[in-house]
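What follows is each chain in one-letter form.
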Amino acid sequence: MATTGEPSFRQSVDLMFNRAARLMDLSPGLEEKIRVCNSTYTVRFGVRLRGKIETFVGYRSVHSEHMEPVKGGIRYDMAVNQDEVEALAALMTYKCALVEAPFGGSKGGLCVDPRQWDEHELEQITRRFAYELIKRDLIHPAQNVPAPDMGTGEREMAWIADQFARMNTTEINAKACVTGKPPHAGGIQGRVEATGRGVQFALREFFRHKDDAALARLSGDLGGKRIVVQGLGNVGYHAAKFLSEDDGAVITAIIERDGALVDDKGLKVEEVRQWIRKHGTVKGYPEATFVEDGASVLEKDCDILLPAAMEGVIHKGNADRIRARLIIEAANGPITFGADEILRKKGVLIIPDMYANAGGVTVSYFEWVKNLSHIRFGRMQRRAEESRSRLLVEELERLSSDKGLGWTLATDFKEKFLQGSDELMLVRSGLDDTMRTAYQSMREVWHSRNDVEDLRVAAYIVAISRVAATYRSKGL
Ligand code: NAD
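1. Quick notes on the site of the ligand
Around the ligand, 23 residues are found, and the nearest of them are Arg75, Asp149, Thr195, Glu256 and Asn332. Residue arginine 191 places a side-chain N or O atom 3.5 Å away from an oxygen atom belonging to the ligand. The separation between an oxygen atom of the ligand and a polar side-chain atom of arginine 257 is 3.0 Å. In isolation the ligand has 820 Å² of accessible area, and contact with the protein removes 88% of it. Elements with a minimum of two residues in the shell around the ligand: α8 (234–245) and β8 (250–256). Looking at the shell around the ligand residue by residue, the classes come out as ten nonpolar, eight polar and five charged. Here the shell around the ligand gathers at least three residues from each of two domains, domain 1 (39–187) and domain 2 (194–359).

Spelled out as structure tokens, the structure:
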């Protein structure tokens, strides 16, 4: 997507890394050790489909093994290539460090257009790809744990988990070999929504810091903020839905592959999603204006631009025309290095990808822990919590009636108070805490140092310091 003459995605990530590293006091060699990608495995395999053998090319890149297992999604897309997978693996290293998920960074990809194959064929392709990675320990509960990314979801993760279990029949922790599985196959409540939910929590935390919002020439909370969303897939759909339904933000445009929908009064995210499901396109949706050149809508005036599709969509060719005040990078790498510079000069505030979309890996971490502990979160304490709350409510009611005080507890308060935490509540609470804490750690660096210009550099500094500390503790 980036204009020609711009660095590649991986180079862009490295250049962003360098902006931070030059402000740090890293020992000679350590900086290079952290930056480089440790290894990338390329596999070409054949699958017999529709009467002939089709050859597929896939990658699994391991950026840093300072902590193991390494973690990172698997992407299905025709444009997947080694450079992209390595860039995404590097981002995973920094992202995990930033949100304190105890993993190194990895990423995988397969050159395939999932829309061209039916479910049964995709299962054959996925199982064969998984087989190639499993036999080299590039999928393993203790070494390398994939998750969904663009073009993959719960279904693919369930096939991968099953393939691993078939090849490792006595491995008691087999389910922990991959995250993002459906709940009935060892997944966790709240994983599908996690990245979008994390974007919502990130924005809420941002608006809690009035000084930060003021730097983006914004005030108040999310209510009424005009948001342009690119990509109504897993991340974009959940983020847009939660921000509009829970926080009162107004989704003024949704940009998809085949055009954009615009309505300044606010699009109904769920309706648009159902329309795309049914018709396979945003075209023809009756309740909004259709714009054929979807990418041009990135330049629409708005408070928040939320790119949630793919990398390189904001580049040197269009950065100058972006009119958003705040950009939250829900996708990985949506802004090229060159565009980042232009936007900063224009005073556009950017919440960087490594933080903004970390909700996915955070809840993946919870899922991995759940799989290793073989028990769902909340199972032991939920009813105990409820009994304790009930005791308190009954005692209050007894006191009120004995003393003739006439107090009554509001019904909806009672309902909420008496409800013990189930898995979904605990996952959301853990995610919220993670997003708040990580924002505060970036912000601390951003505001406490004069040489740190923006949140991206701050995020890299926090992440690189943590990776460096792990290496140092290993004697490197
Ligand atoms: P997805 O495949 O579910 O959705 C991507 C959406 O973007 C689709 O609706 C697709 O039609 C649309 N799209 C693709 N190209 C487009 C273009 N040029 N213009 C407009 N729309 C386009 O993928 P996803 O899982 O939502 O991932 C989106 C981004 O978020 C990726 O950068 C991914 O790496 C990142 N991410 C995903 C997760 C996760 O948990 N799924 C976690 C962290 C980061």
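From this point, things continue past the structure.
2. Describing the environment of alanine 324
Within the secondary structure layout, alanine 324 lies in the loop between β11 (304–307) and β12 (326–328). Between the C-alpha atom of alanine 324 and that of leucine 232, which follows or precedes it by 92 residues, the distance is 19 Å.

3. With respect to the domain arrangement of the protein chain
Each assigned domain of the protein chain is listed here: domain 1 (39–187) and domain 2 (194–359). Relative to domain 2, the C-alpha centre of domain 1 lies at a distance of 28 Å. Taken residue by residue, the interface counts twelve residues in domain 1 and eleven residues in domain 2. In this assembly, domain 1 packs against domain 2 so that about 930 Å² is buried in total across both faces, 58% of it on carbon and sulfur atoms. The interface formed by domain 1 and domain 2 contains one salt bridge.

4. A few points about the packing of aromatic side chains
Applying the stated criterion to the full structure yields 13 aromatic pairs. Pairing phenylalanine 206 with tyrosine 439 gives two aromatic rings, centres 6.3 Å apart and planes at 85°, and the pair type is edge-to-face. On the criterion of sequence distance, the pair formed by phenylalanine 206 in helix α6 (residues 194–208) and tyrosine 439 in helix α15 (residues 423–448) is long-range, its members being 233 residues apart. For phenylalanine 206, a relative accessible area of 0% gives the class buried. Aromatic pair tryptophan 275 and tyrosine 285: ring centres 5.9 Å apart, planes at 75°, arrangement edge-to-face.

The rules behind these values
Residues numbered from 1 in each chain as written. Predicted model: local features only at pLDDT ≥ 70, side-chain atom pairs only at ≥ 80, totals over all residues. Heavy atoms only, no water. Near = heavy atom within 4 Å. Polar contact = N/O pair within 3.5 Å; in protein donor to acceptor, adjacent residues only side chain to side chain. Areas by Shrake-Rupley, 256 points an atom, 1.4 Å probe, with all protein chains shown as cover. Helix = DSSP H or I, 4+ residues; strand = E, 2+ residues; numbered from the N terminus. Nonpolar A, V, L, I, M, F, W, Y, C, P; charged D, E, K, R; others polar. Domains from an automatic or database assignment. Contact = heavy atoms within 4.5 Å. Buried area = accessible area lost by both parts, 1.4 Å probe. Salt bridge = Lys/Arg side-chain N within 4 Å of Asp/Glu carboxyl O. Phe/Tyr/Trp six-rings, centres within 6.5 Å; stacked < 30°, edge-to-face > 60°. Buried < 20%, exposed > 50% of the residue type's maximum accessible area, 1.4 Å probe, protein only.

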